[in-house]
Amino acid sequence: MGSKTEVTGRKRGDEPLAPPTGYEPDISAFLAWVQLERGLSKNTVESYEADLIQCSCFLNQHGSSSWQSVTLDLVSAWISSLTLDGYAIASLARKLSAIRMLARYLVAEGRLENDFTELLSNPKKGRFLPHALNIEEIERFLSAPDLNTPLGKRDRAIFELMYGSGLRVSEVSSVLVNAVDLDDGFARIFGKGAKERIVPVGQQAVLAIKNYLHGGRPQLVKDGSGGELFLSKRGTPISRKMVWVLVKEYARRAGIEKNLTPHGLRHSFATHLLMGGADVRAVQEMLGHADVGTTQIYTHVESQRLMEEHANFHPLSQDDA
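Keep in mind that what you see is a predicted model, and the values were worked out from it rather than measured. (Residues numbered from 1 in each chain as written. Predicted model: local features only at pLDDT ≥ 70, side-chain atom pairs only at ≥ 80, totals over all residues. Heavy atoms only, no water.)

Caption draft 1: Here's a closer look at the packing of aromatic side chains. Scanning the model with the defined rule gives eight aromatic pairs in all. Measuring from centroid to centroid gives 6.2 Å for phenylalanine 30 and tryptophan 33, while their planes differ by 40°, and the two rings are tilted. Placement of the pair is phenylalanine 30 and tryptophan 33 together in helix H2 (residues 24-36), with a separation of three residues, close to one helical turn. Aromatic pair tryptophan 67 and phenylalanine 116: ring centres 6.2 Å apart, planes at 10°, arrangement stacked. Here tryptophan 67, found in the loop between helix H3 (42-61) and helix H4 (72-84), pairs with phenylalanine 116, found in the loop between helix H5 (89-108) and helix H6 (135-142); they are 49 residues apart in sequence, far enough to count as distant. Owing to a relative accessible area of 0%, tryptophan 67 belongs among the buried residues under this scheme. (Phe/Tyr/Trp six-rings, centres within 6.5 Å; stacked < 30°, edge-to-face > 60°. Helix = DSSP H or I, 4+ residues; strand = E, 2+ residues; numbered from the N terminus. Buried < 20%, exposed > 50% of the residue type's maximum accessible area, 1.4 Å probe, protein only.)

Dropping the structure here:
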């Protein structure tokens, strides 16, 4: 991460671009350390960067000029402010993880005498039940791209692969052309922690990708284009942010009222597999979950759906008293 430009040159939503002067050197050194020494992924490092900038600005506004003057009460106040702002438990946990790692790093480097996060408690994670599209909504969404244009062919192939194989947005934006075997119907995917897994690619996704490779990608290739499967109009790999934008736009065009995100397609993939009788361990492997408990969330979703269907439509489920 080394340079100040790399540390401060981004902005997410209304979050600040740069940390206060007294905080920046330690943040820069820490980010370089987690990337080079700890081997954390680029996405994780960028998330930690945004979290630490956000935290340092709050601390500075409340009277602290550097990490050396931070107290437990100040960090607790920051976490409380995020809770009041409506941040999800998972986001709070990640932000707290970033500040804990920084504090331990500064203590180890002799930059801090005491770890100001040592007595902080972790936010309790609730059981998140993801929302999935139903089959009819999925069909409308997948049909939304215009297959008469190169970009429409690309977008249809992206969505078919995401829904058909349960890919994360970071995985679909970085998948290589030579990692997808259209003859045998599988793809080699590098997921979280650079872990490799093989996922099946369904027939509809195979057809969409073939259509894109023959009538879409050749029109997007520019001098300097790499081997990534999905390219932007500039010939560069499509970004995760653009995939988010595309999912939102096509959901709007398809008249889908649910708050669909790229992860919602992954949720739908898992939920529909389990609805069809797939084994939870097989779904776990396809999703690349390290813990089967994460995959079992989707079994709870399906159980909840069945209970709601029974309550709504079974003649003896209503209390007529």
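Caption draft 2: How the structure looks around the environment of lysine 210. On the secondary structure map, lysine 210 appears in helix H9 (residues 203-215). For the pair formed by lysine 210 and leucine 182, sequence separation is 28 residues and the distance between their alpha carbons is 7.8 Å.

Caption draft 3: Spotlight on the nonpolar core. Grouped together as the largest cluster of nonpolar side chains are 47 residues, with contacts concentrated most on Phe141, Phe159 and Phe230. Counting only elements with at least two residues in this core, the list comes to H6, helix H7 (150-165), helix H8 (169-174), strand E2 (186-190), H9, helix H11 (240-253), helix H12 (262-275) and helix H13 (280-287). The biggest single contributor to this core is H7, with six residues. Excluding residues within four positions of it along the chain, phenylalanine 230 makes contact with Arg154, Ala157, Ile158, Leu161, Val172, Val175, Tyr212, Thr236, Pro237 and Ile238. Judged by nonpolar contacts, the second largest core, of 30 residues, contains Tyr48, Leu52, Trp67 and Leu74. (Core = buried A, V, L, I, M, F, W, Y, C linked by side-chain atoms within 4.5 Å. Contact = heavy atoms within 4.5 Å.)

Caption draft 4: Inspection of the sheet that holds strand E1 (residues 180-181) at higher detail. Taken in spatial order, the three strands of this open sheet run E1-E2-E3, and their pairing is antiparallel. Edge positions in the sheet fall to E1 and strand E3 (196-200), since each of these pairs with one other strand and no more. Both E1 and E2 contribute to a ladder of two bridges, which runs antiparallel. Along E2, the bridge assignment pairs valine 180 with alanine 187. (Pairing = 2+ DSSP bridges.)

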